[in-house]
Every structure is written in C-alpha cells, then in structure tokens.
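Structure assessment
Below, each chain spelled out in residue letters.
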Amino acid sequence: MTPKDMFANLGSIIASLMFAWAMFKQYFPYQLQMSIEKYSQRVLLFVYPYIQIRFNELSGERFFSRSQAYTAIQTYLSSSSSTHAKKLKADIAKNSQSLALSMDDHEEVADEFQGVKLWWASGKDISKSPSFWNLEEKRYYKLTFHKRHRDLILGSYLDHVLKEAKAMEVRNRQRKLYTNSGTNWSHVMLKHPAKFETIAMDPEKKKEIMDDLIAFSKGEEFYERVGRAWKRGYLLYGPPGTGKSSMIAAMANLLGYDLYDLELTSVKNNTDLRKLLMEVPNKSIIVIEDIDCSLDLTGQRKTKKKKEKDEAEEKKDPKQKPEKEEKETEASQVTLSGLLNFIDGLWSASGGERLIVFTTNYVEKLDPALVRGGRMDKHIELSYCRFEAFKGLAKNYLQIESHPLFGRIRELLEEANMCPADVAEHLMPKPTSGDPKFSLESLIKGLEKAKEEARLKAEEEARLKAEEEAKKIEQPTKEEAKKVEQPAKAVTENGEAKLLDARATENGNTSS
Ligand SMILES: Nc1ncnc2c1ncn2[C@@H]1O[C@H](COP(=O)(O)OP(=O)(O)OP(=O)(O)O)[C@@H](O)[C@H]1O
Ligand SMILES: [Mg+2]
C-alpha cells in the first residue's frame, strides 16, 4: 500500500466514524449519550494511567478575565520552555523592559519534581464567540502526570509552581522608589546600580548581612511557625560617605523589593504616618534616613514630660483644658513612640515581608528606646575604609588585585580615617593615563593629608582639653575664696549691718 492509498483509507475511515457519530447524536437520547460518555471515560481511565489537568486562560464570568493560575504557569514555564521548547513566543513582559519568552501553542515541555516526571502542553480551542461574529481563541495549559503521583502533584507541586512564578515575577519586575509628600506616596522607577558586590566593606561582614537578608526573604514559614510578624529592622550607622544609602539600594536590588523613602519631616502627625505606612505593601523596604535629624529625639521626651505635667495640672484645675488642647495641636508632630508603636503593633498584622531601615550618622545620639533589641533587629556599622574594603574598591574601580603601592596604602588606611566615598573618588578614572599607579599615588597623597589633618585636630583637641582642665582647677580656688567671704554676708543678714557697712565704705574709700 502506497502512502497515498493509506491516507485515502484513513480519510474514509474518519468520514465513516463521523457519520456514525452524527447518527448516534441524532437518534440516541441525551441521557444515553451521557452515560455512554461516562462509561467510556471510566474505561479509558482504567487503561490510561495518566491524569490531566487543564488550566484555561480565560476564567470568571463570561470568560473575560485572565486566570491567575494561567498567568502563573506561563511565567513558571517561561524559564524551562525557553530552553526546551522549539517554538516560542516573545513579548515584552509587564512592568519590565526585557523580552519574555513563552511556549507557543501546541508545544510540550517536560518538568521534574522530586524525581517525578510530568508534562506541560499548551493548546488552544477555537470556537465562535456567542456575541460576536469573529472566532474566539481559548488558550490553555494541560498538565499530565501519572495517577500514582496524584497527591504529590496536586499538593506540593502546584504550590511550588505558584511560588516559583511569584518569585520570578518579582525578580523580573522593575523596582520602584516611592517618596512621600504629605500623606501621599509618589514613585519613580528605581534604577540604582548599587550591588552588594560593589560595596566596599569587610567581606565577612558583607556576607553575614547578605545571608541575613536572604534568610529573611525566605523565612515565611519560620516567622509563621514561631508566631512573629514577618518584618525585620536594620539600623545602619556610620560617618557620611560610608555607603549607608548605597547599601539600602543594594538591599532592594538583592531582594527585588520596592523602596519607600519616608521623609518624616513632611509628615504632620502620627495619624498621617499611620495612613502612609498602611499603604506600604509586602515586599518593600521602608527607609527613614538620618533618623536623628528627622525626629527631635531629645525634644520628644521633653514633650512627653510636659504632657504629664499638663495632665497633672488639668486634674487640679479642669478649667485650664482648652489652653492645654491648644498646646497639643501646636506640638502634634510625629513622635518616636508613635512610630515605634505602630511598627511594632497592629501594622505588622496587615501583611509581611517588610524591612524597616533607619540610618544615622550618630548612633550615640539615638534614643535607647529605638536601639533596644527587638526594635531594630540588626545594627550594622559602616565605617571608614580599611584595607579589606579598599581591596574591593581597587578591584572594582581599577581592576587590580595587587600592586606594589598596596603596602603603603595599607599602613595609611589604618592611621587615617577616610570614608569609602573619598577613597573611591581618588580611584575614579583619570583622563590622562589609564595606569592605576596614578590613582593609587593620588590616594596616598590624600591619605597623608588626611593623616596630617587628623594629627592637627587631635593636637587642637588636646590643647582645648588641657585648657578646660586648667579652668577646672582654677574654679575651686575661686569658690573657696567665696566661702571665706560668706560668713561676713551671713552676719549682714543677722542684722549687724552697720558695722560691715562702715567697713565697706572704709574699704571703698581706701581703694578710690
Ligand atoms: N562602602 C562603599 N563601597 C563602595 N562605594 C561607596 C561606599 N561608600 C560610599 N561609596 C560611594 O560614595 C557615594 C556616597 O555613598 P552613600 O551615599 O551611600 O553614603 P552614605 O553613608 O549614605 O552617606 P550619608 O551619611 O552622607 O548619607 C556613593 O555614590 C558610593 O558610590
Ligand atoms: Mg545616605
């Protein structure tokens, strides 16, 4: 039989089958059709050991909304299908600027989960839409797996697909930087290039911070189990130019979170602060820079005391109330306790996966309530550039790992305090020559100058201190002198004024 004959035969068989099916449909009652279909399915299931699940693209009423499961599967398959499938579709992904690849229709890819093999196929049905004349395409994904693995696939595997898809979406998403003006957030795209790899600091310390962040982002189950809100507070402190802001951007880039830069000075009161914080979604980093400047920390405590005093006075004299209220509105600023209570309290119940980062140049100025454990979980000090950090910068800026000048630089870095921002400035590309020697020499000069300045400053400080000490020694002698005069005054008060007055005039006369 030639292939041509074979096709002719096949054609006629299909035609007869279709004819038989049409006759069957026309003459057999509906109930009988249904039960035949049901039993044939059972027979098929008995011999066919695979289970199929279909995920339609359109779901919901009248099929107008796109199913979330379908979208998630599409995202999940985009990584494996782009390596295995032969026919792919490309599109610009939502909220992203890169191309997203997905399987084309009628393609199949295999996947493996805990040693179990399963298959994903994409397909589409074409039907006439009920309200329009045009044809409607209904896309779907079909998952096929052996029925023995039913529990595993329906339980853990589908969960895994959804989670993985979510994580991929976050990774591909363009991050945003939100800032507040009054009680509203506005955003721009976050395009800060800072990465942990390019931040110069002690490598061990850097690794510890990165591990901490990653453990946090994967810690949903842990936080759930121990009954804690899924949030974490970081306090970054150190002198200006040591990379605090850069590290926050690096955190956002590492975890794929959005940044919410909260400017406390433009928030009127605690109510507005609550409103702003309530709008912050999951997977975000709330940043409050220079916490010591944005909240008058010492002032707040005074206000509290004043309030207590006012309350006590009010108890004594209730008529004073209106005046007191006036005072309150005047001082109704964001308070530290308002901020902390809200962060600690109910707000944590409204979602999770949020980091709160405070920065300051002066950790010693901070209120102990803020620094206390449990409030800010991790304190990170970013300090002056030492040799380990410098090596990172040299590798990054000059692409060198060693140089004869490194020895001298190492010594100087221990003696002079220079922030990484200034060190980096010396390592910036020079237009005259590409030789790293020039950059390193410039750095050495800068460090020598910084060292000299530090020496002069220390000397000046020592001088001032010595002067103060000297004053302190002088002061007691004056006080002693006063004490000697005191009995005379006491006498005056006791009524023997005349005698002393006379003596005073006498003295006055002699001196003039
Ligand atoms: N540790 C570092 N590693 C690499 N570059 C750094 C580091 N610290 C600072 N820089 C560079 O210096 C610049 C200023 O740093 P950044 O704004 O992060 O400092 P900061 O600690 O936030 O300072 P401030 O306290 O003044 O806000 C950045 O653009 C960055 O390139
Ligand atoms: Mg900063």
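Data block above holds the structure.
Structure report, in brief. (Residues numbered from 1 in each chain as written. Chains lettered and ligands numbered in written order. Predicted model: local features only at pLDDT ≥ 70, side-chain atom pairs only at ≥ 80, totals over all residues. Heavy atoms only, no water.)

1. Regarding the pairing of strand β10 (residues 184–189)
Put simply, the rule reads: In this analysis, strands are considered paired if DSSP registers two or more bridges between them. Each helix is a run of H or I in the DSSP string that is no shorter than four residues. Each strand is a run of E no shorter than two, and both are numbered from the N terminus.
Relative to β10, strand β9 (residues 176–181) runs antiparallel, the two sharing six bridges. The partner of Lys176 across the bridge, within β10, is Met189. The antiparallel hairpin formed by β9 and β10 contains two residues in its connecting segment, where Gly182 sits at a positive phi of about 65°.

2. Here's the deal with the nonpolar core
We count it as follows: We define the nonpolar core as a collection of buried residues of types Ala, Val, Leu, Ile, Met, Phe, Trp, Tyr and Cys that are connected through side-chain atoms lying within 4.5 Å of one another. For every residue, the accessible area obtained with a 1.4 Å probe (protein chains only) is divided by the maximum for its type, and the residue is called buried under 20%, exposed over 50%, and partly exposed between those limits.
Counting residues in each nonpolar core, the largest one holds 27 residues, and the members touching the most others are Leu213, Met247, Met251, Ile285 and Leu355. Every element with two or more residues in this core is listed here: α5 (203–217), β11 (231–237), α7 (244–255), β13 (284–288) and β14 (354–360). With seven residues, α7 is the largest single contributor of residues to this core. In this structure, Tyr260, Leu264, Phe358 and Leu366 belong to the second largest nonpolar core, which totals 26 residues.

3. Description of the environment of Leu273
This is how it is decided: Any two residues whose heavy atoms approach within 4.5 Å are treated as being in contact.
Within the secondary structure layout, Leu273 lies in helix α8 (residues 270–278). Overall, the relative accessible area of 1% leaves Leu273 in the buried class. Through-space distance from the C-alpha of Leu273 to that of Leu339 is 7.6 Å; in sequence the pair is 66 residues apart. Dropping the residues within four chain positions of it, Leu273 is found in contact with Leu262, Leu264, Val267, Val334 and Leu339.

4. A word on empty space enclosed by the protein
Formally: Both cavities and pockets are sets of points on a 1 Å grid over the protein atoms alone; in a cavity a 1.4 Å probe fits but cannot get out, in a pocket the set is open with protein on both sides within 12 Å along at least five of seven lines, and lining residues sit with an atom within 4 Å of a point. Grid points are joined across faces, edges and corners, and a volume is the space filled by probe spheres set on the points. Classes in brief: Ala, Val, Leu, Ile, Met, Phe, Trp, Tyr, Cys and Pro nonpolar; Asp, Glu, Lys and Arg charged; the others, Gly included, polar.
Counting across every chain of the model gives one cavity of 30 Å³ or more. Lining the largest cavity are Tyr70, Gln74, Lys89, Ser102, Met103, Asp105, Ser122, Gly123, Arg139, Tyr140 and Tyr141. At the level of elements, α3 (68–84), β5 (99–103), β7 (116–128) and β8 (135–146) are the ones that each hand at least two residues to the lining of the largest cavity. When residues in the lining of the largest cavity are grouped by element, the largest group, three residues, is from β8. The class makeup of the residues in the lining of the largest cavity is four nonpolar, four polar and three charged.

5. Here's the deal with α8
Using the following cut-off: The directions from the helix axis to the C-beta atoms form the arc being described.
What α8 keeps buried is the set Asp272, Leu273, Leu276 and Leu277. Projected down its long axis, α8 shows its buried positions confined to an angular sector of 135°, all on one face. Contact partners of the buried residues in α8: β9, β10, β13 and α12 (336–344).

6. Some remarks on the layout of surface pockets
Size it by volume and the second largest pocket reaches roughly 870 Å³. As for the second largest pocket, its lining consists of 22 residues, and the residues nearest its centre are Lys163, Ala167, Ser217, Lys283 and Glu353. The element contributing the most residues to the lining of the second largest pocket is helix α4 (residues 150–172), with seven residues. Among the residues making up the lining of the second largest pocket, the classes are represented as seven nonpolar, five polar and 10 charged.

7. Overview of the site of ligand 1
To keep things clear, this is the line we draw: The rule for a residue being near a molecule or strand is that one of its heavy atoms must lie within 4 Å of it. Identification of polar contacts relies on pairs of N or O atoms within 3.5 Å, with a donor-acceptor requirement for protein atoms, meaning one able to donate a hydrogen and the other able to accept it, and with residues adjacent in sequence counted only if both atoms are side-chain atoms. Throughout, the Shrake-Rupley method with a 1.4 Å probe supplies accessible areas, and for residues the shown protein chains are the sole cover considered.
The environment of ligand 1 is made up of 14 residues, and the closest members are Ala200, Gly241, Lys244, Ser245 and Ser246. Contact distances for ligand 1 include 3.0 Å between an oxygen atom and a backbone N or O atom of Gly243. The contact in question runs from an oxygen atom of ligand 1 to an N or O atom on the side chain of Asn361, over 3.0 Å. Across the complex, the protein chains shield 71% of the 620 Å² of accessible surface that ligand 1 would expose by itself. Residue assignment for the shell around ligand 1 shows that the elements contributing at least two residues are α7 and α16 (420–426). Examining the composition of the shell around ligand 1, we find that three residues originate from one element, α7, more than from any other. For the shell around ligand 1, the class distribution of residues is six nonpolar, seven polar and one charged.

8. What about the packing of α5 against α7?
How we decide: Comment: axis = line fitted to C-alpha atoms, over the contacting stretch for helices; angle = value between 0 and 180 degrees taken between N-to-C directions. Put simply, angles under 35 degrees are roughly parallel, angles over 145 are roughly antiparallel, angles from 65 to 115 are roughly perpendicular, and the rest are oblique. Working rule for handedness: look at the near helix, and if it is turned counterclockwise from the far one by less than a right angle, call the crossing left-handed; if clockwise, right-handed.
It is at 11 Å that the axes of α5 and α7 come closest, and there the two elements cross at 45°. Comparing the axis directions of α5 and α7 gives the class oblique. The interaxial crossing formed by α5 with α7 has right-handed handedness. Along its contact with α5, which presents Ile209, Met210, Leu213, Ile214 and Ser217, the element α7 presents Met247, Met251, Leu254 and Leu255. Here the residues of the contact of α5 with α7 are counted per class, giving eight nonpolar, one polar and no charged.

9. Notes on the packing of aromatic side chains
Pairs of aromatic rings are described using the distance from one ring centre to the other and the angle between the two planes. Quick reminder of the rule: A pair of aromatic rings is counted whenever rings of Phe, Tyr or Trp (Trp by its six-membered ring) have centres within 6.5 Å, and the orientation is called stacked for planes under 30 degrees apart, edge-to-face for over 60 and tilted otherwise. Only lysine NZ and arginine CZ atoms are considered, and such an atom sits over a ring when it is within 6 Å of the ring centre and within 35 degrees of the ring normal.
According to the stated counting rule, one finds 14 aromatic pairs in the structure shown. Between Tyr76 and Tyr157 the ring centres are 6.4 Å apart and the planes differ by 85°, which places this aromatic pair in the edge-to-face class. With a gap of 81 residues between them, Tyr76 in helix α3 and Tyr157 in helix α4 connect regions that are remote in the sequence. The exposure class assigned to Tyr157 is buried, which follows from its relative accessible area of 0%. Both rings, one in Phe387 and one in Phe406, keep their centres 6.0 Å apart while their planes meet at 85°; by these two values the pair is edge-to-face. Here Phe387, found in helix α14 (residues 387–398), pairs with Phe406, found in helix α15 (residues 406–415); they are 19 residues apart in sequence, far enough to count as distant. There is no split in this pair, since Phe387 and Phe406 are both buried. Taken together, the ring pairs in this structure connect Phe55, Tyr76, Phe113, Trp120 and Tyr157 into an aromatic cluster. Across the ring face of Phe438, the terminal group of Lys437 is positioned such that the distance to the ring centre comes to 5.6 Å.

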